[in-house]
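# An overview of the molecular structure
Residue strings, one per chain:
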Amino acid sequence: MAEYAVELRNVWKRFPGPGGEVVTAVKNVSLQIYDGEFFALLGPSGCGKTTSLRMIAGFELPSEGEIFIHGRPMGKTPPYQRPVNTVFQSYALFPHMTIGENVAFGLQMKGVDKKEITRRVAEALEMVRLSGYEKRKPKQLSGGQQQRVALARALVNRPEVLLLDEPLGALDLKLRKEMQLELKRLQREVGITFIFVTHDQEEALTMSDRIAVMEGGVALQVGTANDIYEHPNCRFVADFIGETNFLDGKVAEVDTDKARIELPGGVSLWAHTPQRVVVGQAVTVTVRPEKMHIRPNATDINQVTGYVTDIVYIGTDTHYGVVLIGGQTIRVREQNYAADSRLLAREGEEVCVRFSIEAARVLTE
Amino acid sequence: MSAKKQSPWLTLVSILVYFFLYAPIIVLIVFSFNASRTNVVFEGVVNQGPCGPFYWYCELFRNRSVMDATRNTLIIAFTSTVVSTIIGTMAALALQRYDFFGKKVSETALYFPIVTPEIVMGIGILVFFSAVFGWINTALALAPSQRLTMGLGTVIVSHIAFSIPFVTLVVRARLHGFDDRLEEAAMDLGANEFTTFRKVTLPLIAPGVLAGAMLAFTLSLDDFIITFFTTGPGATTLPIYVYGLLRRIVTPELNALSTIWVLVVLIVVAISQWFQRRE
Amino acid sequence: MIQHIRENRRLQGFLLILPAMFVMVMLLVIPLTLTVITSFGQRDADGNVIYTFTLENYWRLMGFTEQGWDDLYLRILLRSLWLAVQTTVIVILMAYPLAYFIARSPEKRRNFLLFLVLVPLWTNFVIRIYAWVMILRSQGVLNSTLGAIAGLLNVPFQPLDLYPSQTAVLIGMVYEFLPFMILPIYTSLEKIEPSLYEAAADLYANAFRTFWRVTVPLSMPGIVAGTILTFIPVIGTFVVSDILGGRQVILVGNLVQRQFLDARNPPFGAAASIILLVMTLVLTLYYTRRFGLGEEIAAG
C-alpha cells in the first residue's frame, strides 16, 4: 500500500465557459491525503473544491496533472472502475428503487452473490440505524434518513476512499450537528479515508483531521484544524476560518522571527513573522479577538489605545468594538469566566487593548 | 390552482362546450343503429338478420375492405410508433444532455415539421418518392410488375418522419427535470454506461417515452393528409377508406365502425390507467 | 473505437442525433428542396414535370395570367388565411373558459374532466367531419331538432341551409381543433401558483383585474402553443373544406391537392404549397417572436 490514500499532483481543470471563454476551476492543486484520514476540502462556493472531488470520483477528468489512489494513477479510469464511492449533495437516491435496492445496487454491479448482498445491505442499514426500511421508497423518508441511506449505499461497497460532497448541506442546523458526530463515529468505525467537501468552516473544524482551504481554484493551506486556525498563511485563510482582526501597517524593525510594525497614527506593535519581511514592507497583522484583552495582563507586550464603540454581551463572552487612534477598528472578545462578570468598559470609554507577540501574526499575502 | 367555488356562468359555458364536443359523437353512435340504409334521417332502430339491432356491426365485420384497411392502419401505426419512439428518444437525449457540432441546426430541423403544414410535407414526400422511384425504375429498366410504387412502405416511412419531432418534444420535456447526479451515482456504484442507461436512465424517463409513443401512435392512427399523398395500391388506411366512402354513399356501417373505434380506445385507456394506478 | 466514443461526449451526442437527422434530411429537407425545384418547372401534356427555371407558376398565383389579371388564387389564399384566423379566435374563446373551469375544479376531478376533452379526439379525424355532415345537412339532426322545437312552439320554421357552406367548414374546423387549444391552456393555468391570486388580491386587485393582469399573462404560453397547434393545421387542410364545403369553399389545401391529383399540374401545385409554407413560417415566426415560444406544445 502506498503512503497516501489519495494524491493530487499538479492538477488543473479547465471548462469551456458559457461565452466560449475558458474557465479554470482548479489551478495546479497538489494534495496528499493519508490513509484513514478524515480530510476536508473547505472553501466558498466556486472555489474548485467540488470539482476536485469530482475528479477524484472520475466524473471529470483533469485537464493536466494526475490523480493517484493508493499509488495507482487514475488516468482516464471511468468512475465505475475506481475504488471510491460518493455521497452526493442531493443524495441522488434512485427514486424508482426501494431503499434496499438502492443500497444493494453497487454490490449487484460487482456481482456479489445474492445471500451476501442481503446480509451486507442489512448490515449497512443497521450501521446507519435504518434497519427495517428496506422496502420503502426514498420519497417516504425524511431528509436526514435519505442522507443516511446515501451513506449506507456508498459504504456497503467498502470503498478505499469515501467522497462526500456537502452531504449535510440540505439538513437543518440541529440535524446537521447530530450528523457531524455520526459521520465522525462512522469514519472511526469503518476506518475508511473520508474526503469531505464543505463551505462551512465550523463543520470542517469539528469533523476533520486535516483541512485544505481552497479559493479561486487554488489550495491555499493544508493542515490540521489547529494549524489553520492558529497559523494561517494568508489573509484569506485567516479571515475564512473563525473571526479575526486585521491591522494594516509597515515593517519598521526586523528581528529573527518577529518584527515591529508601525500602524497609522503612530502606534506600533511587535508581531510574529512566519515569512521573511524587510523594513518598509507593507503588511497585514492578524490577531484573533479572543487573544486581545482589555483587562490588564502583565505578559502582553503590545498595547494599543482606542475608544469603545459598541458592546455586545452574549453570555459566555462580551464583544467590544474598539476604534484605534489611527482609525482602524478591531473587535476584542473577553470571556466572562468570573463568578460575577461585569463589563470591563463602557461605550465611548478610552481603553488600552493588549496582546502578546505570538498572538499577532504578520501576513504578507 | 386551488379549487374554488365556480361561478354558475362559467359552469354553464363549460357544459355547453362539452355538449358541442359530444353532440357529434352521440349522433354517430345513435345512427349506427339506424334502420335507414341511406343514413340521412333516423328511421328507427334496425332489426335485421341474426344480429338484430347490431346489423350494421355485423355487416362491418363481413366487409373485407374495412378489415384490410384496419389491418393496414394498425401495421403502419405500430411500426412507425416503434421506430419513431426509438429515434425520437435518442434525439431528445442528444439535445437535452449533450453538446455537439450542429446542435442548433438539429434543434431547428426537429422543430420545423411541427410548424410545417402537413400538406406541404405530404406533397414534398410525394414529389420525392415519385422522383426516386421513377429514376430507379428507369435506371434498372424494371418490368411493370417489379416497379417500385407508393404503398405501405412509403406511408410508414412518412409517419416515422412526422412523428419523430413530437416524440422528441415529449421526451425532452420529461428529461428537463432529470438529475444528472443519478447517473453519476450509478457509475460511482460500479455500473458502466450501458448498465447505467438500462437500470437508471431508462426507467426514469420511461413515462416520457411512453407518452411520446402514445402520441406517435395516435398521430399515425388519425393521420389523413400525409397518408393521402404517400399511399398506394394495397395500402388503404381507415381514414383514407372513410374519405373514399364519403364521396359515394355512406351506410350506418361507418357509424358502427366509429363506435367500435371509440370503444376500443376507451378500453385501452382504461387498461393503461389501471396499470398506472397499480404502480 | 468504443473507448473513443466513451470518452467523447460530443461524439456521443452526435451519434444519438444522427438517425433523427438522417430521417429529417431524407424526408424533409430533400423533399422540400425538390418541391421548390418543381415549383420552378413546367408540365408537359401528360402531366409530367419538365425541369426548367420559370417563375410563371408564382406569377399565376399572384394573379398575372396570359389572359390578364385574375385574382382567383389570391382570393383563395386570403380566404384560407381569414378562415384560419376566424377558427383560431373562436377556438380560443371556447377553450379558455373550459380550461379555466377544469383548472379550478377539485384536483381529483380534473383528470376526468380532461379525459372527457380527449375522448372525441379518439374517433377518426375524417369520421368526426362526417358526423357534422349528418348534423348540418338539410334533413339532418340540427334541422329536424329545430323543426321539432318549432313545431312544439307552433312557430314557422325555415330549415337552415348550412351544408355545404363556408359556415359548415368553420364549424368543422373549430370542432376539430378545440381540444388542441384546451389542453395547453389548461396546462399553463394549472401551473399558476395559487398564492399569486392571493398576492394579487392582497395588492388590491379585484377578481376581474386579477384575471387580466395575472391569469391571462401567465397562461400566454398555453395560448401560444394552442394557436400554433390550431392555426397551422387549419391553414393547410383540405379535408374539412372538401367534405363540409362541397365545391363552394376552395382553400389553399384544396388547390394544392387538386393540382397534384386532378389537374395534374405538379409545378403549379408545388408553387402553391411553397407559398403556403412561406406564409405559415412567416406568421409563426412573427407570432412566436411576439408572444414567446409555445413551450406547452408538448402538453398537446
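Scroll up a little and you will see the structure.
A few points on the structure. (Residues numbered from 1 in each chain as written. Chains lettered and ligands numbered in written order. Predicted model: local features only at pLDDT ≥ 70, side-chain atom pairs only at ≥ 80, totals over all residues. Heavy atoms only, no water.)

### Observations regarding the overall build of chain A
- Within chain A, the secondary structure is distributed over eight helices and 19 strands.
- When burial is assessed residue by residue, chain A has 51% of its 365 residues classed as buried.
- Counting every atom, chain A has about 16,500 Å² of accessible surface; 49% of that belongs to carbon and sulfur.
- Here chain A carries 43 positive and 46 negative side-chain charges, and the mean point of each set is 7 Å from the other. (Helix = DSSP H or I, 4+ residues; strand = E, 2+ residues; numbered from the N terminus. Buried < 20%, exposed > 50% of the residue type's maximum accessible area, 1.4 Å probe, protein only. Areas by Shrake-Rupley, 256 points an atom, 1.4 Å probe, with all protein chains shown as cover. Lys, Arg positive; Asp, Glu negative; His and termini not counted. Charge placed at Lys NZ, Arg CZ, Asp CG, Glu CD.)

### Observations regarding the nonpolar core
- Counting residues in each nonpolar core, the largest one holds 203 residues, and the members touching the most others are Ile195(A), Phe224(B) and Ile102(C).
- When neighbours within four sequence positions are excluded, Phe224(B) is seen to be in contact with Pro239(B), Ile240(B), Tyr243(B), Phe125(C), Val126(C), Phe238(C) and Val239(C).
- If you look at the next biggest cluster of nonpolar residues, it comprises 34 residues, including Val87(A), Val103(A), Ala104(A) and Leu107(A). (Core = buried A, V, L, I, M, F, W, Y, C linked by side-chain atoms within 4.5 Å. Contact = heavy atoms within 4.5 Å.)

### Overview of the pattern of salt bridges
- Under the definition given, this model contains 37 salt bridges over all chains.
- A salt bridge links Arg260(A) to Glu262(A), with the nearest nitrogen and oxygen atoms 3.7 Å apart.
- A relative accessible area of 40% means that Glu262(A) is categorised as partly exposed.
- As a salt-bridge pair, Glu183(B) and Arg97(B) come within 2.3 Å of each other at their nearest N and O atoms. (Salt bridge = Lys/Arg side-chain N within 4 Å of Asp/Glu carboxyl O.)

### Considerations on the sheet that holds strand 16 (residues 317-324) of chain A
All names here are of chain A.
- On the basis of which strands lie adjacent, the open sheet formed by four strands has the order 17-16-15-18 and antiparallel pairing. Each end of this open sheet is capped by a strand with a single partner; those strands are strand 17 (329-335) and strand 18 (350-355). Neighbour-to-neighbour, the strand axes of the sheet open up by a mean angle of 50°, direction not taken into account.
- Note that strand 15 (residues 302-313) and strand 18 share six bridges and pair antiparallel. Bridging from a neighbouring strand, Val 304 pairs with Val 353 of strand 18. (Pairing = 2+ DSSP bridges. Axes fitted to C-alpha atoms, helices over the stretch in contact; angles between N-to-C directions.)

### A few points about the pairing of strand 3 (residues 38-42) of chain A
Residues and elements named next belong to chain A.
- Taking burial as the measure, the five residues of strand 3 include five buried ones, the bulk of the element.
- Burial of strand 3 is two-sided: the residues Phe 38, Ala 40 and Leu 42 facing one way and the residues Phe 39 and Leu 41 facing the other way are all buried.
- Sheet topology note: the strand 3/strand 8 (residues 193-198) ladder contains five bridges and is parallel. Bridging across to strand 8, Phe 38 finds its partner in Phe 194.
- When strand 3 meets strand 9 (residues 210-215), the two strands line up parallel, connected through four bridges. Residue pairing across strands places Leu 41 opposite Ala 212, the latter belonging to strand 9.

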